[in-house]
Amino acid sequence: QLFEAIEPVRVWHLLTHTSGVPQDTTLEWSRDYTESELVRSAARPLQFTPGALESYSSTGYTLLGRIIENATEKPPKRSISAPRSWSVRQSPRPM
């Protein structure tokens, strides 16, 4: 249900703050949410077409954390670091 709620957003959009997912100020980064709570938050209309603009959304990062958890079957760490070989200006492009 969660992935259907954020269609057509892709992981790349969430990582680069280009998803259009609106900021949900009721979500707290330090709390774990149920699938239904995240679906309710993600089901709100997108602010813009994914990939069209850039706008920070911690809600997008919360959704990204759930994707990581579903893919790895482990809760994500509270912080994720880029490889040391990446510079601040480098940004990998989607395939």
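It should be emphasised that the depicted structure is a prediction, and the values quoted were computed from it without experimental measurement. (Residues numbered from 1 in each chain as written. Predicted model: local features only at pLDDT ≥ 70, side-chain atom pairs only at ≥ 80, totals over all residues. Heavy atoms only, no water.)

### What about the nonpolar core?
Proteins that are soluble and globular tend to have nonpolar side chains buried together.
Stage number 1. Leu 2, Leu 14 and Leu 63 are the most contacted members of the largest nonpolar core, which has 13 residues in total.
Stage number 2. Mapped onto this core, the elements with two or more residues apiece are helix 3 (35-42) and helix 4 (58-72).
Stage number 3. If we skip the residues at most four places from it in the chain, Leu 2 touches Glu 35, Leu 38, Val 39, Ala 42, Leu 63 and Arg 66. (Core = buried A, V, L, I, M, F, W, Y, C linked by side-chain atoms within 4.5 Å. Buried < 20%, exposed > 50% of the residue type's maximum accessible area, 1.4 Å probe, protein only. Helix = DSSP H or I, 4+ residues; strand = E, 2+ residues; numbered from the N terminus. Contact = heavy atoms within 4.5 Å.)

### Some words on the confidence of the model for the protein
Low-pLDDT stretches of the model should not have their predicted coordinates read in fine detail.
Stage number 1. Mean pLDDT over the protein works out to 80, with 78% of the residues at or above the 70 mark.
Stage number 2. The secondary-structure element of the protein with the lowest mean pLDDT is helix 1 (residues 2-5), recorded at 78, while helix 2 (residues 11-15) shows the highest, at 92. (pLDDT = per-residue confidence, 0-100.)

### Here we look at the packing of helix 3 against helix 4
Stage number 1. Helix 4 packs onto helix 3 with a crossing angle of 140 degrees between their chain directions and a minimal axis gap of 11 Å. Judged by the angle between their axes, helix 3 and helix 4 are oblique. Taken as a pair, helix 3 and helix 4 cross one another with a handedness that is left-handed. Residues Glu 35, Leu 38, Ser 41 and Ala 42 of helix 3 form the contact with helix 4, whose participating residues are Thr 59, Thr 62, Leu 63 and Arg 66.
Stage number 2. Its residues placed into classes, the contact of helix 3 with helix 4 shows three nonpolar, three polar and two charged. (Axes fitted to C-alpha atoms, helices over the stretch in contact; angles between N-to-C directions. Parallel < 35°, antiparallel > 145°, perpendicular 65-115°, else oblique. Left-handed = near helix turned anticlockwise from the far one by under 90°. Nonpolar A, V, L, I, M, F, W, Y, C, P; charged D, E, K, R; others polar.)

### Structural notes on helix 3
Stage number 1. Here helix 3 has its buried residues at Leu 38, Val 39, Ser 41 and Ala 42. When helix 3 is viewed along its axis, its buried side chains cluster within an angular range of 165 degrees and face the same direction.
Stage number 2. Along its buried surface, helix 3 packs onto helix 1 and helix 4. (Arc of directions from axis to C-beta.)

### Quick notes on the environment of Trp 12
Stage number 1. With respect to the helices and strands, Trp 12 occurs in helix 2.
Stage number 2. Overall, the relative accessible area of 22% leaves Trp 12 in the partly exposed class.
Stage number 3. Separated by 52 residues in sequence, Trp 12 and Leu 64 have C-alpha atoms that sit 9.8 Å apart.

### Things to note about unusual backbone geometry
Among all residues save glycine, negative phi is the norm, and among peptide bonds the norm is trans.
Stage number 1. For the bond running from Glu 7 to Pro 8, omega is 10 degrees, close enough to zero to count as cis.
Stage number 2. Examined against the element boundaries, Pro 8 turns out to sit in the loop between helix 1 and helix 2.
Stage number 3. Phi at His 17 takes a positive value of approximately 60 degrees, unusual for a residue other than glycine.
Stage number 4. Residue class for His 17 comes out buried when judged on its relative accessible area of 17%.

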